[in-house]
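Overview (structure and organization)
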Amino acid sequence: MKTFDDRSGKAKASEGHKEYGNPEDELMPCSECHGSAPRKVLVMFGSLCSGCYERYRNRSTDVGVFTHQEKRAIVEKIAGIGRSDSKAWAHILKAREKAGDRLSSLQRRMWREALREQ
Ligand SMILES: [Zn+2]
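Residues numbered from 1 in each chain as written. Predicted model: local features only at pLDDT ≥ 70, side-chain atom pairs only at ≥ 80, totals over all residues.

**Focus on the overall build of the protein chain**
The helix and strand inventory of the protein chain stands at six helices and two strands. Each helix and strand of the protein chain, placed in order from N terminus to C terminus, yields the pattern α-β-β-α-α-α-α-α. Put simply, the protein chain has 118 residues, and 18% of those count as buried. A separation threshold of at least 6 residues defines the contact pool for the protein chain, and within that pool the share at least 24 residues apart is 24%. (Helix = DSSP H or I, 4+ residues; strand = E, 2+ residues; numbered from the N terminus. Buried ≥ 20, exposed ≤ 12 C-beta atoms within 10 Å, placed from the backbone. Contact = placed C-beta atoms within 7 Å.)

Next up, the structure:
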């Protein structure tokens with residue numbers, strides 16, 4: 001059933017295929033070790049690669065990898081402050097939770113409710 005047209009069409013398609021995959025797979029630098037990691041991992045782990053995130057998690061919360069200032073910078077980056085967003089506070093709380101901050105149950109509930117509304 002195969003024709004020459006089929007084959008040339010196929011060859012053309014694979015030629016056009018390059019490594020521009022999902023933007024979430026784009027490699028970005030880790031804020032801790034500056035190694036590259038997929039964007040989706042960095043977003044999930046508060047701009048850490050999975051290795052640094054594991055190390056962060058394995059430390060006691062009192063020690064912490066980040067200084068207060070560093071943490072705030074990360075949180076603001078994740079939350080995307082700067083764009084005018086009336087729900088910015090909710091994004092901040094969400095980002096803080098993802099960065100490992102302990103939020104009160106009220107705070108956790110509030111950001112979830114606020115972001116669901118959007
Ligand atoms: Zn890292």
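**Observations concerning helix α5 (residues 88–98)**
Taken together, the buried positions of α5 are occupied by Ala90, His91, Leu93, Lys94, Ala95 and Arg96. Where α5 terminates, the next one or two residues include Gly100, which has phi positive at roughly 100 degrees.

**A closer look at unusual backbone geometry**
At His34, a position not held by glycine, the phi torsion is positive, near 65 degrees. You can see His34 is positioned in the loop between β1 (27–29) and β2 (36–38). A positive phi angle is found at Ser47, which is not glycine, with a value near 65 degrees. Position of Ser47 relative to the elements: it lies in the loop between α2 (39–44) and α3 (50–58).

**Focus on the nonpolar core**
Ranked by size, the top nonpolar core spans eight residues in total: Cys30, Ala37, Leu42, Phe45, Leu48, Cys49, Cys52 and Tyr53. In this view, Cys30 contacts Gly35, Ala37, Leu42, Leu48, Cys49 and Cys52; residues no more than four positions away in its chain are not counted. (Core = buried A, V, L, I, M, F, W, Y, C linked by C-beta atoms within 7 Å.)

**Section: the confidence of the model for the protein chain**
Taken residue by residue, the protein chain gives an average pLDDT of 76. The fraction at 70 or more is 69%. Mean pLDDT values over the elements of the protein chain span from 49, in helix α1 (residues 4–16), up to 92, in β2. (pLDDT = per-residue confidence, 0-100.)

**A few points about the environment of Lys98**
Among the structural elements, Lys98 can be located in helix α5. Note: C-alpha distance between Lys98 and Gly46 (52 residues apart in sequence) is 6.2 Å. Setting aside anything within four residues of it in sequence, one finds Lys98 in contact with Gly46 and Ile78.

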